[in-house]
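The residues making up each chain are set out below.
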Protein chains: 2
Amino acid sequence: MPVQETLEIVCKTVLEKITPKLEEREKIERLAKTLEKKVAEAAEYFGVKATVRLEGSVAKDTWLSGEPDIDIFMRLPPSIPRFALGEVALKIARKATEGAKQVERFAEHPYLEAFVEGVRVNIVPCYETKRGEWLSATDRTPYHTDYVKKCLRPQMRGEVRLLKKFMKGIGVYGAEIKIGGFSGYLCELLIIHYGSFVNVLRAFAQHKQRMVIDIENHYKGREDELQLLFNEPLVIVDPVDMGRNVASAVQPQKLYTFVAASRAFFKNPSLKFFYPPQTKPLAVKKLEETLQNRGSALIFVVFGRVDAVPDVLWGQLYKSQRSLANLLETNDFVILRHTVWSDEENLNAFIFELESRILPPVKRHLGPPLEKNGDCERFLTKHIANPETVSGPYIEDGRWVVEVKRKHVDAISLLKENLKDGGRKAGIAKEIAKTLNKGFKILVNGEIAEVYTENTEFAKFLTDFLSGKPKWLDKTVKEG
Amino acid sequence: MPVQETLEIVCKTVLEKITPKLEEREKIERLAKTLEKKVAEAAEYFGVKATVRLEGSVAKDTWLSGEPDIDIFMRLPPSIPRFALGEVALKIARKATEGAKQVERFAEHPYLEAFVEGVRVNIVPCYETKRGEWLSATDRTPYHTDYVKKCLRPQMRGEVRLLKKFMKGIGVYGAEIKIGGFSGYLCELLIIHYGSFVNVLRAFAQHKQRMVIDIENHYKGREDELQLLFNEPLVIVDPVDMGRNVASAVQPQKLYTFVAASRAFFKNPSLKFFYPPQTKPLAVKKLEETLQNRGSALIFVVFGRVDAVPDVLWGQLYKSQRSLANLLETNDFVILRHTVWSDEENLNAFIFELESRILPPVKRHLGPPLEKNGDCERFLTKHIANPETVSGPYIEDGRWVVEVKRKHVDAISLLKENLKDGGRKAGIAKEIAKTLNKGFKILVNGEIAEVYTENTEFAKFLTDFLSGKPKWLDKTVKEG
């Protein structure tokens, strides 16, 4: 079958599945209306002047069947002080969803997540401000909703849904810290700008150095200024706020993954992109065998519960991970890859794949060039009669060099030494350090078997990590 | 004792030893005269018009007691074709030194080395040309002799001797390929320019980026041009040929060694610089123990006689050594140091000290950046279903990456594979390759014991190599 035809069939099949049917739509819309009303009443009950409105994908009719999120915003008067905003809103939200399961969440300020009739509902406060006079990040949301409602033609809603589902499938959807990907609003803007799902993918498949989109021509005649103003590889000027790049939180890794997946999709369109096959974890014997034969060293720093909401948790996990990678590299360990895993509850792990756990015991240590006489004297004084000196000092390429015993030859002991007091000095973030201080395990290769066996999600993650290959990559290119 | 006083005593002691006493001087001068006459007679005998004259350090009275080299030059008419020059000269030289031990040598053209009354005599041909109309490199020599005789005041001869002896002691004296150091003529020019041994050392102790000396002011008013004309870090314009840098063959390594030794000498003047203590080779047991405990891998490529005169031999050894170092580094082996040894007769060895003989079996292989769509497709096609691929391809920092099995994990097998046919493809020079083709051994660490035991000079060399530290460095700085 010609590729173009396959592509059309794939998109049609997916669209059929992800567009809410009448029944589901009616249920969600009814639920949203009810909640809007309840929140408004609760605000009144507490004597708070609030404009309550449905926002988000349900309001814009761009939500995916089976995955509705009802976002109810309450716009509160700027007279409420910032520190009290969350408290006031939580009180109202709790009353409005009395009896439902409630979870306190935190993005820029606290909000409430409730589960009503099996549907996730977010009740979020913001300030009622004029455009441009934002007092908090969420103040823009109602303006975003209005903009999309105005500019997204009804037939484009399916295109937004396709794009969201594609991005979910390849793991680049979601603005939360864990993902660092494309937000729903960003997807809508891309469809408004390019007109269709396929056009968006075509544009990104051709992505070179940078992509800058200014739908509302805020920078008309000042395109040079625009190029200089933002330095991210992807810039989508917010139609409701010319000072903001809607894509500023998109991590390059996610952007590049989207680019590569778009290309692969055109070569060989397939449902895989939208519905990635479930990972079947390797049997634990097979895992041990794989790690054994691989020849590299997989090192796991495993630790327990961290007291932080997901966005904070992931931010600290990523930061700490980078610090540890840096520590290993500074000590000459060669990292093949590294990643981090968390169930956001009781189990966290930093994972490093090293070329080798053990380094050779001797290394070169470059001293100053001969031109720097004073530095040379200090270098010689330090190394000439030093028991750590194995050879030299000698001159090479115009500088003094010594061969010295390596301080850390074992990655495990290096990590242990640096983490024993929580690792703050090694750059471990605060909440993570608190947990590490209570204890952690460092496991190598097959030693991970127990954790692996006890935790299916971790087992899937590790199986995917060992393969390394994106799920959509395999078939597409082999046949292409 | 104050440093300045020690320095003066050291210089005086050395000068005393290296200045030829009357008896030795008379013997050498008589011998030189006799040889001059014999060569002239031999030339006449063969009907060759030749201007025969004593050149070199004996002619300039800058030779070191106990180490005289008598250089007799015969200047031949330009009518003799280049290819015949050596033959004609050898015939004459052989007749002139009949009965003495004779060795044919080769620098730019053949010349004869003879041992007469225990003294080395070099009988060298050149063309009788006007200044600037050089037909061969040695044609300048008589002009050099005349220049030095004219400009070197008698009291400076001792200064030249001190400088030469110092340079010999630290291993930077001699223009031959093996050394790549300072020639006798260069020493004389430095003394003419700076006035004394101590002044030369002081100048080099302060050596920064570059040193450019133009004694005869050939480039007066055109200093900028001079700076651009030569690109070596040390430039001494030849007083008899403004187009030539007398120091062009000085290897940076030798220049920097001289700089560092000069500094060390001022900090702690000592006879060590002029008379380095003999190396006592490590007992073979101690050697094996040292290699064992060191933790690095010493790899020796040992081979037999190479059919080439010393300058050609060393040129080819150095070139081949660089090629092998390059081969190892291209394959990710970390070289701590490498060197080459030869007795110029039956034993040659390339020596590599590696961090590790064995590399980890997996490595990262960086593919093209995402921007290069076509390259990415080729990369993916190549690696996606490749049995050498261990993980990936995956995206990292905007480019495709795979983890692959390393081709060569063992430095020994890498070297063996590349040397088995002589190693021409790996960059081994021609004559060396001929020898390697007949056979070679690759020895690791303690396996060198047999060669070490059988060859004292090699044993000394290896003992020094393992220490790595220049002999003059130890004491000078520790006390400084």
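Relevant structure appears above.
None of the values given here were measured: they were computed from a predicted structure.

**Student:** Would you mind going over the relation of the copies chain B and chain A in detail, with residue names and values included?
**Tutor:** If you rotate chain B by 180° and push it 0.1 Å along the axis, it lands on chain A with an RMSD of 0.1 Å. In the structure described here, the two chain copies are related by an operation that fits a two-fold rotation axis. Residues of chain B ranked by C-alpha distance from the rotation axis are headed by Leu359 of chain B, positioned 5.0 Å from it. Here 98% of the interface residues in chain B have copies in chain A that are interface residues too; the copies meet face to matching face.

**Student:** Residues and numbers for the sheet that holds strand β13 (residues 389–396) of chain B, please.
**Tutor:** Residue and element names in this part refer to chain B. The strand order across the open sheet formed by 3 strands is β12-β14-β13, and the pairing between neighbours is antiparallel. Two strands close off the open sheet at either side, each with one partner strand: β12 (362–369) and β13. Within this sheet the neighbouring strands show an average axis-to-axis angle of 20°, counted without direction. Its contacts with the sheet put helix α13 (residues 373–383) on β12, β13 and β14 (399–405), and the angle it makes with β12 is roughly 150°.

**Student:** A description of the side chain of Thr463 of chain A should follow, citing residues and the corresponding values.
**Tutor:** Residue and element names in this part refer to chain A. For Thr463, the position within the fold is in helix α17 (residues 456–467). Using a relative accessible area of 11% as the deciding quantity, one classes Thr463 as buried. Leaving out residues up to four positions away in the same chain, Thr463 has contacts with Thr279, Lys280, Pro281, Leu282 and Tyr452.

**Student:** Now, about the sheet that holds strand β6 (residues 211–213) of chain B: what can you tell me, with residues and values included?
**Tutor:** Residues and elements named next belong to chain B. The strand order β6-β7-β8 describes an open sheet built from 3 strands, whose pairing is mixed. Edge positions in the sheet fall to β6 and β8 (241–245), since each has one partner strand and no second. Pairwise comparison of adjacent strand axes, ignoring direction, gives a mean angle of 20° for this sheet. As paired strands, β6 and strand β7 (residues 234–238) are joined by 3 bridges and run parallel to one another. Opposite Ile213, over in β7, you have Ile236 as the bridge partner.

**Student:** How would you explain the pattern of salt bridges if you had to name every residue and give the values?
**Tutor:** Within this structure, the stated rule accounts for 62 salt bridges over all chains. Note that Glu353 of chain A and Arg337 of chain A form a salt bridge whose closest N and O atoms lie 3.6 Å from each other. Taken together, the positions of Glu353 of chain A in strand β11 (residues 348–354) and Arg337 of chain A in strand β10 (residues 335–342) put the pair 16 residues apart, joining distant regions of the chain. Of the residues examined, Glu353 of chain A reaches a relative accessible area of 0% and is grouped as buried. Two residues, Arg105 of chain B and Glu113 of chain B, come together in a salt bridge whose shortest N-O distance is 3.2 Å. Given a relative accessible area of 5%, Glu113 of chain B falls into the buried group. It is possible to trace a salt-bridge network through shared partners that takes in Arg25, Asp61, Arg157 and Arg161 of chain A.

**Student:** Tell me about the packing of helix α6 (residues 157–170) of chain A against helix α8 (residues 197–205) of chain A, and name the residues and values.
**Tutor:** Residues and elements named next belong to chain A. Direction vectors running N to C along α6 and α8 enclose 45°, while the axes themselves pass 8 Å from each other. As far as their axial angle goes, α8 and α6 are oblique. Contact residues: Glu159, Leu162, Leu163 and Phe166 in α6; Phe197, Val198, Val200 and Leu201 in α8. Considered class by class, the residues forming the contact of α6 with α8 number 7 nonpolar, no polar and 1 charged.

**Student:** Kindly report on the environment of Val312 of chain A, identifying the contributing residues and their values.
**Tutor:** One can find Val312 of chain A in helix α12 (residues 310–330). The class of Val312 of chain A is partly exposed, set by a relative accessible area of 34%.

**Student:** Which residues make up the packing of helix α5 (residues 141–151) of chain B against helix α7 (residues 184–194) of chain B, and what are the values?
**Tutor:** Residue and element names in this part refer to chain B. Packing of α5 against α7 brings their axes to within 11 Å, and their N-to-C directions diverge by 30°. Taken together, the axes of α5 and α7 lie roughly parallel to each other. Crossing angle aside, the handedness with which α5 passes α7 is left-handed. Residues His144, Tyr147, Val148 and Cys151 of α5 pack against Tyr185, Glu188, Leu189 and Ile192 of α7.

**Student:** Describe the interface of chain B and chain A, naming the residues involved and giving the relevant values.
**Tutor:** At the junction of the two partners, chain B supplies 57 residues and chain A supplies 56 residues. The contact between chain B and chain A buries some 4300 Å² in all, and 58% of this surface belongs to carbon and sulfur atoms. For Arg337 of chain B, the salt bridge is made with Glu403 of chain A, and the minimal N-O distance between the two is 2.7 Å. The interface formed by chain B and chain A includes 22 residue pairs in polar contact (both at pLDDT 80 or more). Where the side of chain B that touches chain A is concerned, the elements lending two or more residues are α10 (252–267), β10 (335–342), β12, α13, β13, β14, α17 (456–467) and α18 (473–479) of chain B. Its residues placed into classes, the side of chain B that touches chain A shows 25 nonpolar, 14 polar and 18 charged.

**Student:** So what's going on with a positive patch on the surface? Residues and values would help.
**Tutor:** Together, Lys319, Arg322, Arg424 and Lys430 of chain A make up a region of like positive charge exposed at the surface. By the element assignment, Lys430 of chain A lies in helix α15 (residues 430–438).

**Student:** Describe the side chain of Glu431 of chain A, listing the residues and the values that go with them.
**Tutor:** If you trace the backbone, Glu431 of chain A turns up in helix α15. When sequence neighbours within four positions are dropped, the list of residues in contact with Glu431 of chain A reads Val306, Asp307, Ala308 and Gln316 of chain A.

**Student:** Tell me about unusual backbone geometry, and name the residues and values.
**Tutor:** For the peptide bond that leads from Gly392 of chain A to Pro393 of chain A, omega is 5°, which places it in the cis range. In this structure, Pro393 of chain A sits in strand β13 (residues 389–396). One non-glycine residue, Asn217 of chain B, adopts positive backbone phi at about 55°. Mapped onto the fold, Asn217 of chain B is located in the loop between β6 and α9 (223–229). The class of Asn217 of chain B is partly exposed, set by a relative accessible area of 46%. Despite not being glycine, Glu344 of chain B shows a phi value in the positive range, around 65°.

**Student:** With reference to specific residues and values, describe the environment of Leu85 of chain A.
**Tutor:** All names here are of chain A. Mapped onto the fold, Leu85 is located in helix α4 (residues 82–96). Taking the C-alpha atoms as reference points, Leu85 and Gly56, 29 residues apart in sequence, are found 20 Å from one another. If sequence neighbours within four positions are ignored, Leu85 has contacts with Leu76, Ile80, His109, Pro125 and Tyr127.

**Student:** Outline helix α1 (residues 3–18) of chain B, listing residues and values.
**Tutor:** Because an α-helix packs 3.6 residues into every turn, residues spaced three or four apart end up facing the same way. All names here are of chain B. Between its terminal C-alpha atoms α1 stretches 22 Å, which fits the 22 Å expected from 16 residues at 1.5 Å a residue. Within α1, the full set of buried residues consists of Leu7, Val10, Cys11, Val14 and Ile18. Looking straight down α1, one finds its buried side chains confined to an arc of 95°; they lie on one side. The exposed residues of α1 that point more than 90 degrees off its buried face are Lys12 and Glu16. The elements touched by buried residues of α1 are α6 (157–170), α8 (197–205) and α10.

**Student:** With reference to specific residues and values, describe the environment of Gly468 of chain A.
**Tutor:** For Gly468 of chain A, the location among the structural elements is in the loop between α17 and α18 (473–479). Residues Gly468 of chain A and Thr141 of chain A, 327 residues apart in the sequence, show an inter-C-alpha distance of 37 Å.

Reading the values: rules and limits
Note on numbering: residues in each chain are counted from 1, in written sequence order. Key to labels: chains lettered from A, ligands numbered from 1, both in the order written. The predicted nature of this model means local features are confined to residues of pLDDT at least 70 and side-chain atom pairs, given and counted, to a pLDDT of 80 or more, with totals for whole chains, interfaces and linings taken over all residues. Only heavy atoms go into the side-chain values, all of them from the structure, while hydrogens and water stay out. Copy-to-copy alignment: least squares on C-alpha atoms, limited to residues at pLDDT 70 or above in both. Whether two residues are in contact is decided by their heavy atoms: any pair within 4.5 Å suffices. Two strands form a pair only when DSSP identifies at least two bridges running between them. Secondary structure elements follow DSSP: runs of H or I no shorter than four residues count as helices, runs of E no shorter than two count as strands, and numbering proceeds from the N terminus. Lines are fitted to the C-alpha atoms to define the axes, a helix being fitted only along its stretch in contact, and any angle between axes, read from their N-to-C directions, falls within 0 to 180 degrees. Residue burial is assigned from relative accessible area. The probe radius is 1.4 Å, only protein chains are included, and a residue is buried under 20% of its type maximum, exposed over 50%, and partly exposed in between. The term salt bridge refers to a side-chain nitrogen of Lys or Arg lying within 4 Å of a carboxyl oxygen of Asp or Glu. If an angle is under 35 degrees, it is roughly parallel; if it is over 145, roughly antiparallel; if it lies from 65 to 115, roughly perpendicular; otherwise it is oblique. For this classification, the nonpolar set comprises Ala, Val, Leu, Ile, Met, Phe, Trp, Tyr, Cys and Pro, the charged set comprises Asp, Glu, Lys and Arg, and every other residue, Gly included, is treated as polar. Throughout, a crossing is termed right-handed when the near helix is turned clockwise from the far one, and left-handed when it is turned anticlockwise from it by less than a right angle. Buried area: the sum, over both parts, of the accessible surface (1.4 Å probe) that disappears when the two are put together. Each polar contact in these results corresponds to two N or O atoms within 3.5 Å; when the atoms are within protein, one needs to be able to donate a hydrogen and the other to accept it, and residues that are neighboring in sequence are counted only if both atoms are side-chain atoms. Exposure above 30% relative accessible area and the absence of a salt bridge qualify a residue for a patch, where like charges join within 9 Å and nonpolar side chains (Val, Leu, Ile, Met, Phe, Trp, Tyr) within 5 Å. Surface accessibility in these figures is a Shrake-Rupley result with a 1.4 Å probe; residues are shielded only by whichever protein chains are displayed. All tallies of charge rest on Lys and Arg as positive and Asp and Glu as negative; His and the ends of each chain are not included. Note that the charge is assigned to NZ on lysines, CZ on arginines, CG on aspartates and CD on glutamates. Here a helix's expected span is defined as the number of its residues, less one, multiplied by 1.5 Å. Directions drawn from the helix axis to the C-beta atoms are what define this arc.

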